[in-house]
Amino acid sequence: MPHKLFVLPVLLFLSACVTPQVAEICPRVVIPRETAYQTQIVNYKEQFQISLVGYNGFCYKDERVNRTKAVIEPVFLIRRVRPGDENAVSFAYFTETVKGPPAYLGKKTYYADVYIPADREEMEYTAPQVEVKVPEGMKYDFDINLGLVLSPEELKYNRRTFDINYRMD
C-alpha cells in the first residue's frame, strides 16, 4: 500500500511535466486568411499579389498615459504576377479589436505605397509600426486582428480562389 501512495504523486508530477504549456504572448495578433492576401487587377490583368506573411511586435507600458500598448510591424510579401512596367504598389491594411471593453474596440486603417524595382519578381516589405491600446489585465487575452483592406469584389475574389504562390516561368 505505501508503494502505491508513492507512485501516485510521482505519476502526477510526470504528467504535469509532459502537459504542453501555452506561451503567453503580447500582442496576440490574429491574421484571418480571407483578408491576408490581395490580388490587384489592372485592366483585367492581375498585376500584383500582396500577402500579409507575419508581423513583429511587442507590448509596453506607456508611462505618459499609464496604459499598455501593443506595437505591431506588419510584414508583407509583394509579388509581381505578370511582367509589366508598373513599379508602384498601393494598398491598405487594418488593425481591429472586436472583443473586450468598449473603449478598446474598433478598426483603424493604414496605407502603404511601395516601390518594387522592375527587375524584381517579389520583395518583402515591413510596414511602419502601429500602436493599439490594450486593456489592463487582458494583456495576454486581447486579440488584435490584422489584415488587408479589401473591397467587396476583392473579398469575393479571395473566396473563389486559392491562396497560392504565383510563378512567373
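Check the entry above for the structure.
Residues numbered from 1 in each chain as written. Predicted model: local features only at pLDDT ≥ 70, side-chain atom pairs only at ≥ 80, totals over all residues. Heavy atoms only, no water.

**Remarks on the overall build of the protein**
- Scanning the protein for helices and strands turns up two helices and nine strands.
- Listed N to C, the secondary structure of the protein is α-β-β-β-β-β-β-β-β-β-α in terms of helices and strands.
- Considering the protein as a whole, with its 169 residues, one finds that 36% of them fall into the buried category.
- Considering only residue pairs separated by 6 or more positions, the protein has 69% of its internal contacts joining residues 24 or more positions apart.
- Per element, the accessible surface of the protein, about 11,200 Å² overall, is 56% carbon and sulfur. (Helix = DSSP H or I, 4+ residues; strand = E, 2+ residues; numbered from the N terminus. Buried < 20%, exposed > 50% of the residue type's maximum accessible area, 1.4 Å probe, protein only. Contact = heavy atoms within 4.5 Å. Areas by Shrake-Rupley, 256 points an atom, 1.4 Å probe, with all protein chains shown as cover.)

**Observations concerning the environment of Ala 70**
- Its place among the elements puts Ala 70 in strand β4 (residues 67–80).
- Along the primary structure Ala 70 and Cys 59 are separated by eleven residues, whereas in three dimensions their C-alpha atoms are 4.3 Å apart.
- Once you skip the residues sitting within four places of it in the chain, Ala 70 turns out to touch Pro 27, Phe 58, Cys 59, Val 130, Glu 131, Val 132, Val 134 and Ile 144.

**What to know about unusual backbone geometry**
- For the peptide bond that leads from Cys 26 to Pro 27, omega is 5°, which places it in the cis range.
- Examined against the element boundaries, Pro 27 turns out to sit in the loop between α1 (2–18) and β1 (28–30).
- Positive phi outside glycine occurs at Asn 66, with the angle close to 55°.
- Take Asn 66: it is sitting in the loop between β3 (45–62) and β4.

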